Amino acid sequence: QVQLVESGGGLVQAGDSLRLSCAASGSFFRINFMAWYRQAPGKQRELVATITSTGSTTYADSVKGRFTNSRDNAKNTVYLQMNNLKPEDTAVYYCYFNAQPYDSIMARNYWGQGTQVTVSS
């Protein structure tokens, strides 16, 4: 089964930048939708950014103007460029694909393992 592998998290200072990557371990018949979520300690998981198959993006108000979501279709990879990071961005970040594998007529939900982003003030 295809898995999503995340990388790029770490410990940074406020104002710094990080780029998260999420790569699928295999290929899909079709990727419908990709997204990034995050979950801070004691809080619910929240949607951060989305990107459709045509490249249309949406962002949570808290990250607009600072985060950029992009995708490389040839590599089945999605990226989250995070600039001007703030302490409140500290969370575990998860990538998500809604994609149709080759062995199914139905799309499935796929999640990355999560990567920790910590922003110190």
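The rules behind these values
Residues numbered from 1 in each chain as written. Predicted model: local features only at pLDDT ≥ 70, side-chain atom pairs only at ≥ 80, totals over all residues. Heavy atoms only, no water. Pairing = 2+ DSSP bridges. Helix = DSSP H or I, 4+ residues; strand = E, 2+ residues; numbered from the N terminus. Axes fitted to C-alpha atoms, helices over the stretch in contact; angles between N-to-C directions. Phe/Tyr/Trp six-rings, centres within 6.5 Å; stacked < 30°, edge-to-face > 60°. Buried < 20%, exposed > 50% of the residue type's maximum accessible area, 1.4 Å probe, protein only. Lys NZ or Arg CZ within 6 Å of the ring centre and 35° of its normal.

### As for the sheet that holds strand β1 (residues 4–7)
Alright, step 1. The strand order β1-β3-β8-β7 describes an open sheet built from four strands, whose pairing is antiparallel. Where the open sheet ends on each side, the last strands, each with one partner, are β1 and β7 (67–72). Across this sheet, the average inter-strand angle for adjacent strands is 15°, counted without regard to direction.
Alright, step 2. In the sheet, strand β3 (residues 18–24) pairs with strand β8 (residues 77–82) via six bridges, with the strands oriented antiparallel.

### Some thoughts on the packing of aromatic side chains
Alright, step 1. Summed over the entire model, instances satisfying the criterion amount to seven aromatic pairs.
Alright, step 2. Where Phe28 meets Phe97, the ring centres are 6.1 Å apart and the plane angle is 55°; that geometry is what we call tilted. One end of the pair, Phe28, is in the loop between β3 and β4 (30–39); the other, Phe97, is in strand β9 (residues 91–100), and 69 residues separate them in sequence. In terms of burial, Phe28 and Phe97 fall into one category: buried.
Alright, step 3. Between Phe33 and Tyr96 the ring centres are 6.3 Å apart and the planes differ by 70°, which places this aromatic pair in the edge-to-face class. One end of the pair, Phe33, is in strand β4; the other, Tyr96, is in strand β9, and 63 residues separate them in sequence.
Alright, step 4. The class for Phe33 is partly exposed, based on a relative accessible area of 27%.
Alright, step 5. Taken together, Phe33, Tyr37, Tyr96 and Trp111 form an aromatic cluster joined through their ring pairs.
Alright, step 6. The ring of Tyr94 carries Arg45 above its face, with NZ or CZ at 3.8 Å from the centroid.
Alright, step 7. Across from the ring centre of Trp111, 4.9 Å away, lies the NZ or CZ of Arg45, which sits over that ring.

The quantities given are spatial measurements derived from coordinates; they are silent on function.
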